[in-house]
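Coordinates in review
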Amino acid sequence: KVRELRGAIRNLAIRGVLTRRKHGEAPASELLVRLEHERNRRVKNKEARRTEPLPVVAPDEVPFGLPPSWAWTRLGDLCWKVADGPHFSPNYVTKEQGVPFLSGRNIKVDGFELESVKYVSVEDHNAFCERTKPEPGDILYTKGGTTGVALVNDLDFEFSVWVHVAVLKVEPASVFAPYVAMALNSPHCYAQSQRLTHGTGNRDLGLTRMVKITLPLPPLEEQRRIVAKVEQLMKVCDEVEVRLRRADEGAAKLVEAVVQELVA
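Please read these numbers as outputs of a predicted model, since none were measured by experiment. (Residues numbered from 1 in each chain as written. Predicted model: local features only at pLDDT ≥ 70, side-chain atom pairs only at ≥ 80, totals over all residues. Heavy atoms only, no water.)

Description of the sheet that holds strand 3 (residues 92-93)
Pairing in this open sheet of 4 strands is mixed, and the strands run 3-7-4-10 from one edge to the other. The open sheet is flanked by strand 3 and strand 10 (160-161), the only strands paired with a single partner. In this sheet, strand 7 (residues 118-120) lies alongside strand 4 (residues 99-102) in antiparallel orientation, the contact comprising 3 bridges. Across the sheet, phenylalanine 101 pairs through a bridge with lysine 118, a residue of strand 7. This element, helix 4 (residues 122-131), spans strand 4, strand 7 and strand 10 of the sheet and lies at about 90° to strand 7. (Pairing = 2+ DSSP bridges. Helix = DSSP H or I, 4+ residues; strand = E, 2+ residues; numbered from the N terminus. Contact = heavy atoms within 4.5 Å. Axes fitted to C-alpha atoms, helices over the stretch in contact; angles between N-to-C directions.)

Now the structure itself:
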């Protein structure tokens with residue numbers, strides 16, 4: 001199945017199988033030190049809140065080996081802020097009156113679904129953004145209902161998010177957001193998100209749990225190469241899906257023609 005192929009590609013990507021190492025690139029260990037310093041700077045400047053240090057990834061949490069320049073880390077160690085939207089249903093307004101308000105249903109692995117977007121007043125939008133303001137380059141991660149879906153914000157308009165969406169803010173100088181989103185959508189990370197999701201009717205991937213998700217971190221430039229390679233392979237998957245769909249349609253037409261011949 002093409003869906004399983006997409007998952008296999010993402011899993012190979014976070015193992016370092018799809019790309020080659022290049023000499024001279026800062027190893028992931030240096031990136032993690034930079035990220036900690038930057039997080040501390042933001043806390044000092046009151047741009048972020050101080051959080052409890054996350055436990056080091058234990059050997060029994062490591063399902064596969066990594067290239068020497070890579071490192072195992074946790075999602076929370078890659079972000080300088082992780083927050084979600086309001087924990088209540090706001091009063092919705094018309095599109096003409098308000099600002100887009102995204103929920104988990106609007107976030108898919110392959111892009112935004114904006115047909116069902118709801119809207120809130122400008123006043124509510126501004127209030128919600130005091131909690132967390134989604135900006136271009138942030139990672140949106142579904143944490144309610146359908147959990148464990150990540151997508152980089154590339155929208156060219158302002159919006160706020162509901163409690164079912166976490167906004168992950170990363171440092172572009174050390175972390176390539178599309179790599180983190182791709183890794184979160186890999187079977188390795190998605191399986192963790194499902195184990196960490198609590199509840200049945202009201203399913204929730206709490207912020208304090210999601211930050212514990214483990215993922216491999218490559219050097220920054222390799223993160224970019226990995227995403228470029230994965231995007232290339234996903235286009236191939238798209239072409240395969242189109243061909244399979246056409247084949248199914250052709251088979252269906254053939255069956256219809258045979259049935260019509262039999263009843264004629």
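Remarks on the sheet that holds strand 9 (residues 150-152)
Strand order in this open sheet of 4 strands is 2-11-8-9, and the pairing throughout is antiparallel. Where the open sheet ends on each side, the last strands, each with one partner, are strand 2 (79-84) and strand 9. Between one strand axis and the next, the sheet turns through 20° on average, direction left out of account. In terms of strand pairing, strand 8 (residues 139-142) meets strand 9 through 3 bridges, oriented antiparallel. Bridge pairing in strand 9 places tyrosine 141 opposite alanine 150.

Some words on the pattern of salt bridges
With the rule as written, the count across this model stands at 19 salt bridges. Residues arginine 42 and glutamate 47 are paired through a salt bridge, measuring 2.5 Å at the closest nitrogen-oxygen approach. According to the relative accessible area criterion, glutamate 47 is partly exposed, its value standing at 34%. Between glutamate 135 and lysine 169 there is a salt bridge, with its nearest N and O atoms 2.9 Å apart. Here the residue glutamate 135 occupies a position in the loop between helix 4 and strand 8, and lysine 169 occupies one in strand 11 (residues 165-170), the gap between them amounting to 34 residues. On the accessibility criterion, lysine 169 (4% relative accessible area) is buried. (Salt bridge = Lys/Arg side-chain N within 4 Å of Asp/Glu carboxyl O. Buried < 20%, exposed > 50% of the residue type's maximum accessible area, 1.4 Å probe, protein only.)

Brief notes about the side chain of asparagine 153
Its location among the elements puts asparagine 153 in the loop between strand 9 and strand 10. The class for asparagine 153 is buried, based on a relative accessible area of 3%. For asparagine 153, the residues in contact, after removing those within four places along its chain, are Phe112, Pro134, Glu135, Pro136, Gly137, Asp138, Leu140 and Phe159.

Points about the packing of aromatic side chains
Scanning all chains against the criterion turns up 5 aromatic pairs. For the pair phenylalanine 88 and phenylalanine 128, a centre-to-centre distance of 5.9 Å together with 70° between the ring planes defines the contact as edge-to-face. Placement of phenylalanine 88 in the loop between strand 2 and strand 3 and of phenylalanine 128 in helix 4 is noted, with a sequence separation of 40 residues between them. With a relative accessible area of 47%, phenylalanine 88 lands in the partly exposed category. Note on tyrosine 92 and phenylalanine 101: the rings are 6.1 Å apart at their centroids and 55° apart in plane angle, and the pair reads as tilted. For tyrosine 92, a relative accessible area of 35% gives the class partly exposed. Judged by its relative accessible area of 3%, phenylalanine 101 is buried. Aromatic rings pair up to connect Phe88, Tyr92, Phe101 and Phe128 into one cluster. The ring of phenylalanine 64 carries the charged tip of arginine 15 above its face, separated from the ring centre by 4.0 Å. The positively charged end of arginine 42 is found above the aromatic ring belonging to tryptophan 80, 3.9 Å away from the centroid. (Phe/Tyr/Trp six-rings, centres within 6.5 Å; stacked < 30°, edge-to-face > 60°. Lys NZ or Arg CZ within 6 Å of the ring centre and 35° of its normal.)

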